[in-house]
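Secondary and tertiary structure notes
Single-letter residue listing:
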Amino acid sequence: EPYADDPLLATDAVVVTINYRLGPLGFLAHPALSAEDADGVSGNFGLRDVATALAWVNDNAAALGGDPDRILVFGESAGALETCAMLLSPRTGGLFDAAIAQSGPCQSVGRPLRDAPLLQVDGESQGEDFAAALSCADAACLRAAPVATLVEVGQTDVAAGPGAEGWGWGPWTDGVWLPADPVGAMQAGQWNRVPFLATVTEDAGTLFTLGQAPTQDALDAWLDLYAVLFGVPRRALADAYDPDVFGGTAAAIAALWGGV
């Protein structure tokens, strides 16, 4: 854990790092799994892990030398999105007292569990495709599959961007663990309202362009997505991230991803 011994950490803080399931182990949705659930949903197992860890911290903060009334949840990149999910989730209210999201916009948390818009894939439909890739037709078959096989198949052809084909593992907006409309929920004040700091690492987007040859089509796809996510006019975004301004398409995409 690169942050555990960081000398910049506050000396009067108790830092607790957690694990949560990733890929299909953490975010595999499927109609058969949803049918078994008391709330009729599936796929947000990774979010449940984080919520369980936060509950443990609440129960044990005093024993660790901390203050159970001053619990800060924070994360970077995917961890920032998990932090945003904790802010948005109706199931995590009262589990923390402040939050920091580094390089992960809350507007991009979650995709539909069911009934995705045109050109998108919802969680349960992806789960059916994933089960088919394992030659499974029911939940029992999925559970019998070796973990190594689930991980191997789940890491194959992971979607790299908007419109890209492949698996997309992450939280699902199921109306239970995440609101159906996260952006609308935040705008309406329907979130776990605690002191919240949202920041972006300088040049964060550069990492994602290394070894790639971003095209104008790729930039256009990201501009389309960001215009919807942030409610910004598409033309204004295109003007702001014109490749001529940044010295090339790759630099423009890096700037867009990095929130410059």
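Shown above is the structure to which this text applies.
Below: a short report on this structure. Please read all numbers here as calculations on a predicted model, not as lab measurements.

For the chain, the count of helices and strands is 12 helices and five strands. Based on the C-alpha atoms only, the size of the chain along its principal axes is roughly 55 × 50 × 35 Å. Classification of the 260 residues of the chain by burial places 38% in the buried group. Look at the contacts in the chain between residues 6 or more apart in sequence, and 67% of them connect residues 24 or more apart. In the form shown here, the chain has an accessible surface area of approximately 14300 Å², with 55% of it arising from carbon and sulfur atoms. In the chain, 10 positive and 33 negative side-chain charges are present, and the distance between their average locations comes to 7 Å.

All right, on to the nonpolar core then. In terms of nonpolar packing, the biggest core is built from 41 residues, with Leu47, Leu54, Met86, Phe96, Phe130 and Leu134 touching the most fellow members. Elements that contribute at least two residues to this core include exactly helix H3 (45-60), helix H4 (78-88), strand S2 (98-102), helix H5 (123-133) and helix H7 (147-154). The greatest single-element share of this core, amounting to six residues, is contributed by H4. With residues near it in sequence (within four places) discarded, Leu47 still touches Phe27, Glu82, Ala85, Met86, Pro171, Trp177 and Leu178. If you look at the next biggest cluster of nonpolar residues, it comprises 12 residues, including Leu219, Leu223, Tyr226 and Ile253.

All right, on to the pairing of S2 then. Across five bridges, the pairing between strand S1 (residues 72-76) and S2 is parallel. Residue Phe74 lies in a different strand from S2, and its bridge partner there is Ile100. Running through H4, the crossover from S1 to the neighbouring parallel element S2 is right-handed. Both S2 and strand S5 (residues 196-199) contribute to a ladder of four bridges, which runs parallel. Following the sheet pairing, Gln102 is matched in S5 by Thr199.

Nonpolar side chains collect at one region of the surface, where Val14, Val16, Ile18, Trp56 and Leu64 lie side by side and expose about 420 Å² of accessible area between them. Positionally, Val14 belongs in the segment before helix H1 (23-27).

What counts as what
- Note on numbering: residues in each chain are counted from 1, in written sequence order.
- Thresholds applied to this predicted model are a pLDDT of at least 70 for local features of residues and 80 or more for the giving and counting of side-chain atom pairs; totals over whole chains, interfaces and linings are not thresholded and use all residues.
- By convention in this description, side-chain values take in all heavy atoms of the structure and omit both hydrogens and water.
- Helix numbers and strand numbers start at the N terminus; a helix is a DSSP run of H or I with at least 4 residues, a strand a run of E with at least 2.
- Any residue under 20% of the maximum accessible area for its type is buried, any over 50% is exposed, and the rest in between are partly exposed; the area is computed with a 1.4 Å probe on protein chains only.
- Contacts between residues were defined by any pair of non-hydrogen atoms, one from each residue, lying within 4.5 Å.
- Here the accessible surface of atoms and residues is derived via Shrake-Rupley with a 1.4 Å probe, and residues count as covered only by protein chains that are part of the display.
- His residues and chain termini do not enter the charge count, which takes Lys and Arg as positive and Asp and Glu as negative.
- All charge positions are set by atom: Lys at NZ, Arg at CZ, Asp at CG, Glu at CD.
- Only buried residues count toward a nonpolar core. Its members are Ala, Val, Leu, Ile, Met, Phe, Trp, Tyr and Cys residues joined through side-chain atoms within 4.5 Å.
- Here, any two strands with at least 2 DSSP bridges between them count as paired.
- By convention a crossover is right-handed if, when the strands point away from the viewer, the path from the first strand over the helix to the second runs clockwise.
- For patch detection, residues must exceed 30% relative accessible area and be free of salt bridges, and they are connected within 9 Å for like charges or within 5 Å for nonpolar side chains (Val, Leu, Ile, Met, Phe, Trp, Tyr).
- Salt bridges are defined by distance alone: a side-chain nitrogen of Lys or Arg within 4 Å of a carboxyl oxygen of Asp or Glu.

The values are spatial; any link to function lies outside them.
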